[in-house]
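Structure at a glance
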Amino acid sequence: MEAIARLVSAEMTPAELKNNAAAASAGYAYGLAAIGPGIGIGYLVGKSVEAMARQPEAAGMVRTTMFLGIAFTEALALIGFVVFILLKFA
Amino acid sequence: MPTAIVTQSSGRIVHVRLVSSDTTDTTVAPEAVALAAESGTGAAETTAVVAAPNPIAPTPKEIFWSAGSFFVLLIVMRYYLFPKLKKGMDARYADIRSDIEGADSVKAAAQTDVAGYEKQLAAVRVEAAGRIDAARQTVDTERNAQLAQVNARIASARADADAQTAAARAAAQGQVAAAVAQVATKAATMASGRTPDASVVQAAVAAAMESAGSR
Amino acid sequence: MIALDFPEINSILVWKDLFPSFNKIALIAVLAAVISITIFLLAVRQDHKEAPKGIRNFAEVIVEFIEDGVVMQTMGKDGLAWTPFLMTMFLFIYLCNVPGIIPFFQMPATARMAVPLFLALMVWVIYNVTGIKHQGLLGYFKSTLFPPGVPKALYILVTPIEFISAIIVRPFSLAVRLFANMMAGHILLVTFALLSEALFQAKDKILIPVGILPFFMLVFLTSFEVLVAFLQAYIFAMLTAVYIGGATHPEH
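The present account deals with the structure reproduced in this document. (Residues numbered from 1 in each chain as written. Chains lettered and ligands numbered in written order. Predicted model: local features only at pLDDT ≥ 70, side-chain atom pairs only at ≥ 80, totals over all residues. Heavy atoms only, no water.)

What follows concerns the interface of chain C and chain B. Tallying the contact residues gives 48 residues for chain C and 38 residues for chain B. Summed over both sides, the interface of chain C with chain B buries roughly 3800 Å², with 71% coming from carbon and sulfur. Its largest share of buried area at the contact with chain B, chain C owes to Val44, Thr88 and Phe118 of chain C, together 14% of the area lost on that side. Across the pair Lys61 of chain B and Asp17 of chain C runs a salt bridge, and its minimum N-O distance is 2.7 Å. The interface formed by chain C and chain B includes ten residue pairs in polar contact (both at pLDDT 80 or more). Secondary-structure elements contributing two or more residues to the side of chain C that touches chain B are helix 1 (9-13), strand 2 (22-23), helix 2 (24-45), helix 3 (55-74), helix 4 (83-97), helix 5 (114-145) and helix 6 (155-200) of chain C. In terms of residue count, helix 2 of chain C provides more of the side of chain C that touches chain B than any other element does, eleven residues in total. Split by residue class, the side of chain C that touches chain B holds 31 nonpolar, seven polar and ten charged. (Contact = heavy atoms within 4.5 Å. Buried area = accessible area lost by both parts, 1.4 Å probe. Salt bridge = Lys/Arg side-chain N within 4 Å of Asp/Glu carboxyl O. Polar contact = N/O pair within 3.5 Å; in protein donor to acceptor, adjacent residues only side chain to side chain. Helix = DSSP H or I, 4+ residues; strand = E, 2+ residues; numbered from the N terminus. Nonpolar A, V, L, I, M, F, W, Y, C, P; charged D, E, K, R; others polar.)

Next comes the structure, spelled out in structure tokens:
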């Protein structure tokens, strides 16, 4: 990335350079932020389904807790998305 | 004094960039002016374009309106609508509960009635069963007596018949023995010329008949 | 080939004033309040003696959903006094979310930071005030910053984390969760709508049937947004209940 930046820097103003770097890193920011929560939510829902299958009478409680857990885990990915918007457009 | 560089495509603003005048790259400003002149907008208009607002920054007027409507909703809900609705719901649930309790008491009364009826039924059933048993016993004893009587009659008749048969057989055997003895005596007289001893003939005949009977 | 020029981000998020300082977001917020009040007014008007039907049934279903699905699951019987507040919050957020998929509105009010930020700050104030009221100033800070059952030496590590989580991260994540979910949904809908429009109007005739794919995606995402609108309102109310419940009853 740096090499490309140095290559094109001759024809670019510093502001444009900064814009390009921000656009590229915006993609990385969201992509990296989505990995962990993706694994986390998959694991969480899988375990919840396991628990519901094992004890169907506790399904309501498990579902409530599952939604809470998803909300907490998902927040990380959403912060990544906000960072993406900030880098790209702000 | 910052300069705004506006990139346009088919009349729509695609990209706006603010460049401060003390940028090291001095070639920007004339290029931007040229670009602005090319796209048909005046330089004065270009510089008048303000920087785009941050897309995720909260806007005061939106906070004001949403907070206002939320608090109005909250106050109306908390102090008028919700208590009224809840009171109606609770009243109805209390009605339903008292109805259920009334129904429960009626059900309990009905159940005691049913229990009494069943007790009576059981008593009647026990009595009926006793009567049936008694009747069955009398019938049984009568039948047994009659059976014994008939059996006795049959036994005596069989004994009579047996006795008659035995007597008839004895008579027949005696006649057969007498006839055989006569024939044997006659045959012995003709063969040997002297009359054999009657007791000897009788014993021989008896032995022969015995062996014939045993065969 | 086809080039899709995505509109400038503010043109799909920032709305012009309909009246001075009254834009679409304000209109949606006001409508949310008006619709909720209308539903409950009509419900209250009906005779409460007979079996509920129509709009009264609807309102009672909402009340019972909040009581059984949110309050009883998190705060227990003591929290039933919070039902009107949580129900107002749920209704308001839901009715602000849903315009994202209603034609002519096409914009969830919660996709602007203003609405979630205000709600999250209000929740933050409420749960802190409730905690201080129930446990006293010292008791509240002791139970939040020094959770019991932790070895004494670990407090050096635990206390700053608890402080950051309870005082800073909670309202921030509460606001960002709602805002980012709704904005992401909105941008996704815009993207697929633009893509299918561009494909349907492509100069290359061979591309026109391909436009059916993003169109199906658009339909699917719209129905997904129905779910998200409900789920985000539910989760916001739920987390509010959890925070308030945690402030009233420590180590629960």
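With that settled, the discussion passes to the interface of chain A and chain C. Taken together, the 14 residues of chain A in the interface contact 20 residues of chain C. Between chain A and chain C, roughly 1500 Å² of surface is buried when both sides are summed, and carbon and sulfur atoms account for 82% of that area. Taken together, chain A and chain C are joined by zero salt bridges. Residues belonging to the side of chain A that touches chain C are distributed by class as follows: twelve nonpolar, one polar and one charged.

Looking now at helix 5 of chain C. Compared with the 46 Å implied by 1.5 Å per residue over 32 residues, the 30 Å span of helix 5 of chain C between its first and last C-alpha is markedly short. At Gly136 of chain C, helix 5 of chain C is deflected by roughly 110 degrees, the largest bend along its length. (Expected span 1.5 Å × (residues − 1). Bend = angle between axes of the 7 residues up to and from the residue.)

Attention now moves to helix 4 of chain C. In a regular helix each residue adds 1.5 Å, so 15 residues correspond to 21 Å; helix 4 of chain C covers 21 Å between its end C-alpha atoms and thus fits that length. By the criterion of burial, helix 4 of chain C is predominantly enclosed, with 14 of the 15 residues buried. (Buried < 20%, exposed > 50% of the residue type's maximum accessible area, 1.4 Å probe, protein only.)

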